[in-house]
Amino acid sequence: DSAAIVTIAGLGQSYDVRTKDISETGIALVGVPETLEKGTMVEIRCEGGGLPKPISAQGMIVWKRGDAVGVNFTEVEGDAAPAVSTYVSSQPPLTRK
């Protein structure tokens, strides 16, 4: 759980949202406004929540349920990709109930 800022690519609109889940290929966000629809290209910056360093990435919204969206990364900036991998591998496995 970390804070994230989502910017609509090319339009410069920013929204403060929360991360729900992160993987090496994408991120799930909650608190996303209705104006962000499936297929929208976004820029994301995440920090906190145990991440070893802030992560900046670009991606596309690939699913939407209420105020939650899933974003597939299209580009992870700089050395953030190894930071995501390290963070993901350090998390305990999910258990389903």
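Residues numbered from 1 in each chain as written. Predicted model: local features only at pLDDT ≥ 70, side-chain atom pairs only at ≥ 80, totals over all residues. Heavy atoms only, no water.

*Asks:* Help me understand the overall build of the protein in this model?
*Replies:* For the protein, the helix and strand inventory stands at one helix and six strands. What you see in the protein, going N to C, is helices and strands ordered as β-β-β-β-β-β-α. Per-residue burial over the protein gives 36% buried out of 97 residues. (Helix = DSSP H or I, 4+ residues; strand = E, 2+ residues; numbered from the N terminus. Buried < 20%, exposed > 50% of the residue type's maximum accessible area, 1.4 Å probe, protein only.)

*Asks:* How should the pairing of strand β3 (residues 26–30) be read in this particular structure?
*Replies:* Looking along a regular strand, one sees side chains alternate from face to face of the sheet. A large share of β3 lies buried, amounting to four of its five residues. Bridge count for strand β2 (residues 14–22) against β3 is four bridges, and the pairing is antiparallel. Following the sheet pairing, Asp21 is matched in β3 by Ala28. If you look at the hairpin formed by β2 and β3, you'll find three residues sitting between the two strands. (Pairing = 2+ DSSP bridges.)

*Asks:* Just to check I follow, could you spell out the pairing of strand β5 (residues 55–65) for this structure?
*Replies:* The sheet contact formed by strand β4 (residues 41–47) and β5 spans six bridges and is antiparallel. What sits directly across from Val42, in β5, is Gly59. As paired strands, β5 and strand β6 (residues 68–76) are joined by eight bridges and run antiparallel to one another. Residue pairing across strands places Gln58 opposite Glu75, the latter belonging to β6. Once β5 ends, the chain turns through two residues before running back antiparallel as β6, passing Gly66 with a positive phi of about 65°.

*Asks:* Got a minute to help me understand the nonpolar core in this structure?
*Replies:* It is characteristic of soluble globular proteins that their nonpolar side chains tend to be buried jointly. In terms of nonpolar packing, the biggest core is built from 17 residues, with Val6, Ile27, Leu29, Ile44 and Val71 touching the most fellow members. Those elements that place two or more of their residues in this core are β2, β3, β4, β5 and β6. Not counting residues up to four positions away in its chain, the partners in contact with Ile27 are Thr19, Asp21, Ile22, Ile44, Cys46, Val69, Gly70, Val71 and Phe73. (Core = buried A, V, L, I, M, F, W, Y, C linked by side-chain atoms within 4.5 Å. Contact = heavy atoms within 4.5 Å.)

*Asks:* What is the right way to read the packing of aromatic side chains from this model?
*Replies:* Each aromatic ring pair is summarised here by two numbers: the centre-to-centre distance and the angle between the ring planes. Applying the stated criterion across every chain yields a total of zero aromatic pairs. Above the ring of Trp63, the side-chain terminus of Arg65 is found at 4.3 Å from the ring centroid. (Phe/Tyr/Trp six-rings, centres within 6.5 Å; stacked < 30°, edge-to-face > 60°. Lys NZ or Arg CZ within 6 Å of the ring centre and 35° of its normal.)

*Asks:* Would you mind going over the pattern of salt bridges with me for this structure?
*Replies:* It is possible for side chains bearing opposite charge to pair when their charged atoms get close. Counted by the stated rule, this structure contains one salt bridge. Lys64 serves as the salt-bridge partner of Glu37, at 3.9 Å between the closest nitrogen and oxygen. Pair noted here: Glu37 is in the loop between β3 and β4 and Lys64 is in strand β5, with a separation of 27 residues, a long-range link. (Salt bridge = Lys/Arg side-chain N within 4 Å of Asp/Glu carboxyl O.)

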